[in-house]
Amino acid sequence: MRVLAAMSGGVDSAVAAALAVGAGHDVTGVHLALSPDRQTLRSGARGCCSVEDAHDARRVADELGIPFYVWDLAERFTEDVVDDFVAEYAAGRTPNPCLRCNERIKFTAVLDRALALGFDAVVTGHHARLEDGRLRRSVDAAKDQSYVLGVLTPGQLAGARFPLGSMTKERVRAIAAERGFAVATKPDSHDICFIPDGDTRGFLTRRLGSAPGPVVDAATGATVGTHEGTHGFTVGQRRGLGIAVGDQRPRYVLSIEPVTRTVTVGTAELAGVDVVRTAPPTWTGEPPVLPLRAEVQLRAHSAPVVCEVTAAPDGGLVLALADAQRGVAPGQSAVLYAPDPVRGDLVLGQGTVRA
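Quick caveat: nothing in here was measured; it's all calculated off a predicted structure.

Draft legend 1. How the structure looks around the sheet that holds strand S11 (residues 262-266). On the basis of which strands lie adjacent, the open sheet formed by 4 strands has the order S9-S8-S11-S10 and mixed pairing. Only two strands of the sheet have a single neighbouring strand rather than two, namely strand S9 (223-227) and strand S10 (252-257). Put simply, the sheet's adjacent strands are angled 25° from each other on average, direction ignored. Looking at chain direction, strand S8 (residues 213-217) and S11 are connected through 3 bridges and run parallel. For Val215, the partnering residue across the bridge sits in S11 and is Val263.

Dropping the structure here:
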């Protein structure tokens, strides 16, 4: 099989490429240049796609003896991921840029180009499993990335290979060390890759400017603070609200209205929701028959909750949650998993949370 190994410069993609070579595949490595600034430097565990990452990827490819190329996808990444991220926050929603990158860059732009060039599949270092063409959670629950892959279609999954899904991260690093890869101890990337300093609010303010407005308490209707832009908030947020409330009870962001520039906050009792509505879903396999009992994960690092899934008249989904959840933010992905003990790691699909 002729495969393209997407090599980010980290330990996961390095080992994934090595395993593909070890399996006897005809492997070519490719590093995606996603930053418009080719000399962007890495800051510890923050950021990716830096000049150091490109060098690390090339070094591993040389050690594996495989061809290596750099594909410039910076313009498309800016349009499909960065600009989308800014526009979603401006509209009062909370996007997941990693999910969007997988959907529009790694498994659309890259996979399409790979197939056009005659490759059979794209190998990545994602911690997820593919069994009989179906997407499943990684065996390493702490590193599982199936949530950000839940948007992929059956056709995209057919062209993907995830060789790390059946092993723990400790084993991945051990394989890298056994092979003498310098990236064996390289820190994992955290946070948003195009905001290496981790200051999301500052990044958005530089893009969107200042737009002051009130912070209103839902119970009393009183203005309890002000803000410099609704883009600095996300539904469910507790810290950094800059408010003063007499009863000293914690407040959470309940809703964001960018048109009126109003951020509404409330107590924990008001922050929980037991019904979630989504946009029309994408399915990783044959669409299931609805209604359906499933588990849903509402954020990248949240625990799944049991839900009843029904179809909405507009083509979306209605998820009736068994337990009320806080922090269900419009723009996030509601990823559905099969709930039974035997197949509970099976990813069914996802829908984007609506307000």
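Draft legend 2. The pattern of salt bridges, seen in detail. One pass over the structure, following the stated rule, counts 25 salt bridges. Across the salt bridge formed by Arg59 and Asp56, the nearest N and O atoms sit 2.8 Å from each other. With a gap of 3 residues between them, Arg59 and Asp56 both fall in helix H2 (residues 51-64), about one helical turn apart. Judged by its relative accessible area of 15%, Asp56 falls in the buried class. We note a salt bridge from Asp80 to Arg76, for which the minimum N-O separation is 3.0 Å. Taken as a pair, Asp80 and Arg76 lie in helix H3 (residues 74-90) at a separation of 4 residues, close to a single helical turn. Residue class for Asp80 comes out buried when judged on its relative accessible area of 17%.

Draft legend 3. Representation of the packing of aromatic side chains in the model. The full count for this structure, using the stated rule, is 6 aromatic pairs. Centre to centre, the rings of Phe107 and Phe162 are 6.0 Å apart; their planes meet at 80°, and the pair counts as edge-to-face. Pair noted here: Phe107 is in helix H4 (residues 97-116) and Phe162 is in the loop between strand S7 (160-161) and helix H6 (169-178), with a separation of 55 residues, a long-range link. Both residues of the pair, Phe107 and Phe162, belong to the buried class. Taken together, Phe77, Phe85, Tyr89, Phe194 and Phe203 form an aromatic cluster joined through their ring pairs. If you follow Arg137 out to its NZ or CZ, it ends over the ring of Tyr337, 3.7 Å from the centre.

Draft legend 4. Just H6, in detail. When H6 is considered as a whole, its buried residues turn out to be Lys169, Val172, Ile175 and Ala176. Viewed along the axis of H6, the buried residues span an arc of 120°, placing them on a single side of the element. Within H6, the exposed residues directed more than 90 degrees away from the buried face are Glu170 and Glu178. In this structure, the buried side of H6 is in contact with helix H1 (11-22). Of the residues one or two after H6, Gly180 is the one with positive phi, at around 75°.

Draft legend 5. Fine view of the layout of surface pockets. Counted as a void, the second largest pocket has a volume near 410 Å³. Taken together, 24 residues form the lining of the second largest pocket, with Leu254, Val328, Pro330, Arg354 and Ala355 sitting closest to its centre. Those elements that provide at least two residues to the lining of the second largest pocket are S10, helix H8 (268-271) and strand S12 (273-278). Of all the elements, S10 adds the most residues to the lining of the second largest pocket, at 5 residues.

Draft legend 6. Inspection of unusual backbone geometry at higher detail. Between Leu290 and Pro291 the backbone carries a cis peptide bond, its omega angle lying at 5°. Phi is positive for Asp132, which is not a glycine, with a value near 55°. Locating Asp132 in the fold gives a position in the loop between strand S5 (128-131) and strand S6 (134-137). Here Asp132 falls in the exposed class, since its relative accessible area comes to 85%. Even without a glycine there, the phi angle at Gln248 is positive, about 65°. With respect to the helices and strands, Gln248 occurs in the loop between S9 and S10.

Criteria and thresholds
Residues numbered from 1 in each chain as written. Predicted model: local features only at pLDDT ≥ 70, side-chain atom pairs only at ≥ 80, totals over all residues. Heavy atoms only, no water. Pairing = 2+ DSSP bridges. Helix = DSSP H or I, 4+ residues; strand = E, 2+ residues; numbered from the N terminus. Axes fitted to C-alpha atoms, helices over the stretch in contact; angles between N-to-C directions. Salt bridge = Lys/Arg side-chain N within 4 Å of Asp/Glu carboxyl O. Buried < 20%, exposed > 50% of the residue type's maximum accessible area, 1.4 Å probe, protein only. Phe/Tyr/Trp six-rings, centres within 6.5 Å; stacked < 30°, edge-to-face > 60°. Lys NZ or Arg CZ within 6 Å of the ring centre and 35° of its normal. Arc of directions from axis to C-beta. Contact = heavy atoms within 4.5 Å. 1 Å grid on protein atoms, 1.4 Å probe; cavity = no way out; pocket = protein on both sides within 12 Å on 5 of 7 lines; lining within 4 Å. Points joined across faces, edges and corners; volume = space filled by probe spheres on them.

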